[in-house]
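Per-entry structural report
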Amino acid sequence: MKKLLSEQWNEESEQHIQDKIDSEEIWDKIADSCWQTKDDSDKSKFKKLHFNMRYSIAAAVAVLLVGVWIAQIINNSYLTVTAPAHEKMVCMLPDSSTIWLNAGSKISYPKRFLNNRTVELDGEAYFSVVKKANSPFKVHFQEACIEVKGTEFNVQLNPTKALITLFTGKIVFNSEEQTHPIEMKPTEQLTYDRISHNINLSKIDPEEYDWRTDEYHFEKKPFGELLQFINRIYKVNIVVKDSKIGEELFSGKIRKTESLHDVLNKICISFDLQQKTEDNNLIVLY
């Protein structure tokens, strides 16, 4: 066995010498291997750092977006005021404008109202609006809008009709179907059909449409106009035989809960008249 190994060594000795590797070459290979490992480690650290940076940026952007969203909610949130079902109420807006809400009616307006003087109405409300330069006041109800210039007006809404009555100042009515807005003047009433979208503008008696008090107030009202008012309110037919009395003036109050009998007695005493009923539906004053 020893003899065989010795023979193999002698035969291949040159090959061993030929395969001998220089020590510097070995060192270079070791160094290259070590530096390669270090490079891989640096790349791994860089990738980790890059991921952390991207994660941090994404988190910051998410926080910013959430903040903007919350700010928009705060800025766009509305306050709602609702009158009791059987009682009217008064509320004052941040700009000192006053709104009388009829029973069961409600309004909504932005929390930042001074930056956006907009009110959404459901029901009936009487508005007394404070005029502010470069800050229009608007009342919205579904498909229409009223722009206010600083005035007093009433809006009555039901599913089929909107009744807008102007007492003082100026308002502009506009709906989706209109090509031009309608500017209203004091003592005018606009009737807007919410189904057919027809619009009618007419003159009114301001005393007849103020529901805020329990009384109608009349100051030097012609007797003929007073009878027309009573006919509308009580849904009766009253006529006067003496045409001259139609020019007489009436000043006084009529309670809204007052019966027709009491109202006619008050009128007859004031103008020294008599009354009688004909055909159960015609009341004659003479």
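Further up the page is the structure itself.
My aim in this report is to walk through the structure given alongside it, one point at a time. Because the structure is a prediction, the values reported are computed rather than measured. (Residues numbered from 1 in each chain as written. Predicted model: local features only at pLDDT ≥ 70, side-chain atom pairs only at ≥ 80, totals over all residues. Heavy atoms only, no water.)

A closer look at the overall build of the protein chain
The test is simple: Secondary structure elements are taken from DSSP: a helix is a run of H or I of four residues or more, a strand is a run of E of two residues or more, and numbering for both begins at the N terminus. In what follows, a contact means two residues having at least one pair of non-hydrogen atoms within 4.5 Å.
When helices and strands are counted, the protein chain shows five helices and 19 strands. Sequence-distant contacts, at least 24 apart, represent 44% of the contacts inside the protein chain between residues at least 6 apart.

Side note on the pairing of strand β4 (residues 106-110)
The cut-off we apply is this: Partly exposed describes any residue whose relative accessible area lies between the buried limit of under 20% and the exposed limit of over 50%, with all areas from a 1.4 Å probe on protein chains only and scaled to the type maximum. Being paired, for any two strands, means DSSP has found at least two bridges between them.
Among the five residues of β4, four are classified as buried, and the element is accordingly described as predominantly covered. Across five bridges, the pairing between strand β1 (residues 78-82) and β4 is antiparallel. Bridge pairing links L79 to Y109 in β4. Bridge count for β4 against strand β5 (residues 118-122) is three bridges, and the pairing is antiparallel. Within β5, the position partnered with S108 by the bridge is E120.

Quick word on helix α4 (residues 223-234)
An α-helical turn contains 3.6 residues, so any two residues separated by three or four positions project in the same direction. Here is the rule: Helices are assigned an expected span. That span is 1.5 Å times one less than the residue count.
An ideal rise of 1.5 Å per residue puts 16 Å on twelve residues; α4 measures up with 16 Å between its terminal C-alpha atoms. Within α4, burial applies to F223, L226, L227, F229, I230 and N231. K235 occupies a position one or two residues after α4 and carries a positive phi of about 55°.

A short note on the pattern of salt bridges
Side chains that differ in sign of charge can pair as their charged atoms come close. This is how the line gets drawn: Basic side-chain nitrogens of Lys or Arg form a salt bridge, by our definition, when they fall within 4 Å of a carboxyl oxygen of Asp or Glu.
Using the criterion set out here, one finds eight salt bridges in the structure. Between D214 and K88 there is a salt bridge, with the nearest N and O atoms lying 3.9 Å from each other. Here D214 is found in the loop between β14 (199-203) and β15 (215-222), whereas its partner K88 is found in the loop between β1 and β2 (89-92), with 126 residues between them in sequence. Overall, the relative accessible area of 56% leaves D214 in the exposed class.

Considerations on unusual backbone geometry
Among all residues save glycine, negative phi is the norm, and among peptide bonds the norm is trans. Residue T187 is not a glycine yet carries a positive backbone phi of 65°. Residue placement: T187 occurs in the loop between β12 (182-184) and β13 (188-193). On the accessibility criterion, T187 (21% relative accessible area) is partly exposed.

Quick look at the sheet that holds β12
Condition: Angles shown run from 0 to 180 degrees and are taken between the N-to-C directions of axes, each axis being a line fitted to C-alpha atoms and, for helices, limited to the stretch in contact.
Taken in spatial order, the seven strands of this open sheet run β1-β4-β5-β7-β8-β11-β12, and their pairing is mixed. Of all strands in the sheet, those with a lone pairing partner are β1 and β12, marking the two edges. Neighbouring strand axes in the sheet, compared pairwise and without regard to direction, differ in orientation by 25° on average. One ladder, built from three bridges, connects strand β11 (residues 171-175) with β12; its direction is antiparallel. For F173, the partnering residue across the bridge sits in β12 and is I182.

Overview of the nonpolar core
Counted only if it meets this: Residue types Ala, Val, Leu, Ile, Met, Phe, Trp, Tyr and Cys, when buried and joined through side-chain atoms within 4.5 Å, form a set referred to as a nonpolar core.
Ranked by size, the top nonpolar core spans 31 residues in total, and within it I107, F127, F137, F141, I146, F153 and I164 carry the most contacts. If sequence neighbours within four positions are ignored, I107 has contacts with L79, T80, V81, C91, L93, I99, L101, V119, E120 and L121.

A look at the sheet that holds strand β6 (residues 124-128)
Reading across from one edge, β2-β3-β6-β9-β10-β13-β14 is the order of the seven strands in this open sheet, with antiparallel pairing throughout. Taken across any chain shown, the strands that pair with only one partner, and hence form the sheet edges, are β2 and β14. When strand polarity is set aside, the average angle formed by the axes of neighbouring strands in this sheet is 15°. As judged from the five bridges shared by β6 and strand β9 (residues 152-157), these two strands associate in the antiparallel manner. Its bridge partner being in β9, F127 is matched across the sheet by F153.

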